[in-house]
Amino acid sequence: MVINFKNYIIFVGIFFVFILLNLAINANVRAESKDFIKKPPDSYHQSFAPYENPIHIPSPKPKGVTIRVEEKTTYEVVVDEKKLQTNTVTMDDLELIEVEEKNKINFHQVDCYFYAKVKQTQTKTTDYISSMRWREGQQYWLSDGGKYVEWDAWSEWYDNKTRW
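Heads up: these notes are all about the structure in this document. (Residues numbered from 1 in each chain as written. Predicted model: local features only at pLDDT ≥ 70, side-chain atom pairs only at ≥ 80, totals over all residues. Heavy atoms only, no water.)

### Focus: the environment of D92
The residue D92 is located in helix α3 (residues 91-94) in this model. A relative accessible area of 62% means that D92 is categorised as exposed. Sequence-wise, D92 and G146 are 54 residues apart; in three dimensions their C-alpha atoms are separated by 9.9 Å. (Helix = DSSP H or I, 4+ residues; strand = E, 2+ residues; numbered from the N terminus. Buried < 20%, exposed > 50% of the residue type's maximum accessible area, 1.4 Å probe, protein only.)

This is the structure in C-alpha cells:
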C-alpha cells in the first residue's frame, strides 16, 4: 500500500505541474493577443507632420480647370545616305537606343565605326502658352548593328526665348 501511495503522489505531482504549465502558457498567449489588439505594430506609427515646413492651404481654394497640352518630341538621327537615295529607310533606322549604363556595352569587343552629334527638342503647347527645351547627344554606330545615343542634360524650359 505504501508503494501505491508513492506512485499516487508522483502522479498527482506531475498532473499538478502539467496544469500549472498549461495555465501559464494560456495566460501568456492571451496576454499577447490582448496586447496585439490594443496596440498596432510600430509600422503604423509615424509622425503626423512628415514635412519640415508647415503646409499652407490657400483660402479660398483654387478651382481646377482642365486644359489640353500637346507635347511634341523631335530629334535628329543619322541614317545611311544610300538608304535615303534608294528610299529604303525603315523604322529600325530611326530608332535610337539610349545608353543608360555605359558598362553594359563592351567597347573592346564591339567596334564603334561612326560618331555624330544629334539634338532632341521637346515642345509643349496649349492655347495659352508654348514652351520648349532641348538637349544634345552623341550618336554612335557599333559593329553589332546597334545605334546608340548618349544624351546630355535637358536645357531649362523656354517660352518665347524667355526662361521659365
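### Considering the side chain of K147
Position of K147 relative to the elements: it lies in strand β5 (residues 147-151). Other than its neighbours up to four places away in sequence, K147 contacts V78, D93, E95, L96, I97, Q139, Y140 and W141. (Contact = heavy atoms within 4.5 Å.)

### With respect to the packing of aromatic side chains
A complete count under the given rule lists 4 aromatic pairs for this structure. For the ring pair F114 and W141, a centre distance of 4.7 Å and an interplane angle of 35° mean the geometry is tilted. Of this pair, F114 sits in strand β3 (residues 112-125) while W141 is found in strand β4 (residues 130-142), placing the two residues 27 residues apart along the sequence. Among the aromatic residues, those joined into a cluster by ring pairs are Y115, Y140 and Y148. Across from the ring centre of W141, 4.7 Å away, lies the NZ or CZ of K147, which sits over that ring. (Phe/Tyr/Trp six-rings, centres within 6.5 Å; stacked < 30°, edge-to-face > 60°. Lys NZ or Arg CZ within 6 Å of the ring centre and 35° of its normal.)

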